[in-house]
Number of protein chains: 2
Amino acid sequence: MSKILIIEDNNEINGLLSELISNIGHQVVSAYSGPEGLRLFREDSFSLILLDLMLPGKSGEEILVEMRSNSNIPIIVISAKSDIDEKVKLLESGANDYITKPFDTREVAARIEIQLRNSTYSNSAFVSYGELKISSINRTVMVNDSEIVLTRHEFNILELLIKHPQKVYSKQELYEQAWDEMYLGEDKTLNVHISNIRKKIKEYTDTEYIETVWGIGFRIKGLAVGGRR
Amino acid sequence: MSKILIIEDNNEINGLLSELISNIGHQVVSAYSGPEGLRLFREDSFSLILLDLMLPGKSGEEILVEMRSNSNIPIIVISAKSDIDEKVKLLESGANDYITKPFDTREVAARIEIQLRNSTYSNSAFVSYGELKISSINRTVMVNDSEIVLTRHEFNILELLIKHPQKVYSKQELYEQAWDEMYLGEDKTLNVHISNIRKKIKEYTDTEYIETVWGIGFRIKGLAVGGRR
DNA sequence: AAAAAAGGTTAAAGAAAGTGTAAAGGATTG
DNA sequence: CAATCCTTTACACTTTCTTTAACCTTTTTT
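These lines cover the structure that appears in this document, whether it is placed above or below. Predicted, not measured: the structure shown is a model, and the values here were computed from it.

Rules and cut-offs
The residue count restarts for each chain, going from 1 along the sequence in the order it is written. Working convention: letters from A go to chains and numbers from 1 go to ligands, in the order in which they are written. Restriction of local features to residues with pLDDT of at least 70 applies here, the model being predicted, together with a cutoff of 80 or more for giving and counting side-chain atom pairs; totals for whole chains, interfaces and linings are based on all residues. To get the side-chain values, all heavy atoms of the structure are used, and hydrogens and water are removed first. All axes here are fitted lines through C-alpha atoms, helices being fitted over the stretch that makes contact, and every angle between N-to-C directions spans 0 to 180 degrees. The secondary structure listing takes helices from DSSP runs of H or I that are at least 4 residues long and strands from runs of E that are at least 2 residues long, numbered from the N terminus. Angle categories are assigned with fixed cut-offs, so that under 35 degrees is roughly parallel, over 145 is roughly antiparallel, 65 to 115 is roughly perpendicular, and the rest are oblique. Any pair of residues with heavy atoms lying within 4.5 Å of one another is described as a contacting pair. For this classification, Asp, Glu, Lys and Arg are treated as charged, while Ala, Val, Leu, Ile, Met, Phe, Trp, Tyr, Cys and Pro are nonpolar and the rest, including Gly, are polar. Here a residue counts as near a molecule or strand whenever at least one of its heavy atoms sits within 4 Å of it. Two N or O atoms count as a polar contact when they lie within 3.5 Å, although within protein this holds only if one can serve as hydrogen donor and the other as acceptor, and sequence-adjacent residues are included solely when both atoms are side-chain atoms. When DSSP finds two or more bridges between a pair of strands, those strands are recorded as paired. A 1.4 Å probe defines the accessible area here, and the buried area is the portion of it lost by two parts on being joined, summed over both. Only one rule defines a salt bridge in this text: a Lys or Arg side-chain nitrogen within 4 Å of an Asp or Glu carboxyl oxygen.

**Re the packing of helix α7 (residues 171–179) of chain A against helix α8 (residues 189–202) of chain A**
Residues and elements named next belong to chain A.
Part 1: Where α7 contacts α8, the two axes come as close as 10 Å, and the packing angle between them is 75 degrees. One element, α7, and the other, α8, form an angle in the roughly perpendicular class. Of the residues in α8, those in contact with K171, L174, Y175 and W179 of α7 are T189, L190, N191 and H193.
Part 2: When its residues are assigned to classes, the contact of α7 with α8 shows four nonpolar, three polar and one charged.

Structure below.
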């Protein structure tokens, strides 16, 4: 089962797609505007995105480019525009498929499955964040194009943080998700691992990527300048 | 540059596609009938196939099914039929994309690039990886031109690893795919097989090809790596 | 500004995971 | 139905990772 994000302002169409995706056994999250879609994209992690072009707040084109700048998640554009120039432009700037409205639900379902099938084996499934680039399939992390080798737990931790930038992970959440075990409070183990990850990242950059959130846990530090302490 | 096979009986369209593909920098081979296309597919190795549906000799549907039975090569169907049932059926039976005639050449170009971009697929009779050369059809493995004889499970394991270099296979994935049976955790069997494969490979080379990923599983070791701990 | 609380770092002991050999147990085949 | 080959189990050994513990630093509270 995959988690799919629908970005579509029209309530009816959003509902229709949502139902369709549930029916073929996937989990759905709906966004009704560009910024909302981008926020969800950044905070959560999805296997595929269905993107409408005409959106309030921010156009689908802009969203596509923004998502492509640090992820190669499959994106299917759904649009009422049948303008061929637009279509080609979108496909060239990174959309994986382009479906014109009105669409047939079975065709949409089939095209979703094709994308999901492709991305399972494509060894290019990665997410970048600043100088970091992480591949879940290869379980590798690159810092400025140099590979750093992380152990199992180290990788799990960094993967969680990078795939959900902005999100603050409590120590308990981090522990339970990276270890898949109960967290029994007051444990320095996690700190040691965080320390080790930081040390490895520092071999290739001076930027600090893991931010400590006092009294709570950790998160990936925002890239934009002007961070507070 | 990729090698692309066009299977299309209409001379004019075949020529048009052929020119288009050359223009975007790929190599083209043209077939004008189903059987001819299949023969070329078997004899040569391509990165992608453009398949017309209405063909003399053998229908595009049949060809699709036949190719899919033993290959994951990206196949783009190009058809005059805009019948939605047909379209869905084809997409579900393994086509990667479906373009209806008349088509825009730029769109075709863009869709070809998308397929090539996501696929790591190779249709060669042999897959080579460094000094290893593996033939799925003959179920043989050569190391520096000397054949090593692997048992069924040994071959299945090495085949998986080599066909998806870089990808880390968890023990569970490896077991379930090589045995086609449920993995019930904590099993040393896989390790013994890995060990045996390594031993056989070592008869003819000093390079270590199978890398252990601690706590996870195994993968084929990168050929030119600069990783550090 | 001192005390208290939370986090950071290091090194080393201990736990967990992986390796390779050998032999037992199954399956297959002539 | 016996011989053979493959798979699995067992075990002693090696490697790597995780955790503990001690001590240090930073931040917050009083």
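**Regarding the protein's contact with DNA strand C**
Part 1: Taken together, the neighbourhood of DNA strand C is formed by 22 residues, with R198 and T212 of chain A together with K171, R198 and T212 of chain B sitting nearest.
Part 2: Of all DNA strand C atoms lying within 4 Å of any protein atom, the proportion belonging to sugar or phosphate reaches 78%.
Part 3: Contact between DNA strand C and T212 of chain A: a phosphate oxygen at 2.7 Å from a side-chain N or O atom of the residue.
Part 4: For the surface near DNA strand C, the secondary-structure elements that each account for two or more residues are α8 of chain A together with α8 (189–202) of chain B.

**Some words on the sheet that holds strand β12 (residues 217–220) of chain B**
Residues and elements named next belong to chain B.
Part 1: In space, the three strands of this open sheet follow the order β10-β12-β11, with antiparallel pairing throughout. If you trace the sheet from one side to the other, it starts and ends with β10 (169–170) and β11 (210–213), each paired once.
Part 2: As judged from the two bridges shared by β10 and β12, these two strands associate in the antiparallel manner. Within β12, the position partnered with Y169 by the bridge is F218.
Part 3: The strands that helix α6 (residues 152–163) touches are β10, β11 and β12; relative to β12, the one it contacts most, it runs at about 60 degrees.

**Description of the interface of chain B and chain A**
Part 1: Tallying the contact residues gives 36 residues for chain B and 33 residues for chain A.
Part 2: Buried surface at the junction of chain B and chain A, summed over both partners, amounts to about 3000 Å²; 49% is from carbon and sulfur atoms.
Part 3: Where chain B packs against chain A, one counts six salt bridges.
Part 4: One salt bridge connects E107 of chain A with K87 of chain B, and the closest N-O pair in it is separated by 3.2 Å.
Part 5: Those elements that provide at least two residues to the side of chain B that touches chain A are α4 (84–92), β5 (97–100) and α5 (105–118) of chain B.
Part 6: A per-element tally of the side of chain B that touches chain A places α5 of chain B first, with eight residues.
Part 7: Grouping the amino acids of the side of chain B that touches chain A by side-chain chemistry returns 13 nonpolar, ten polar and 13 charged.

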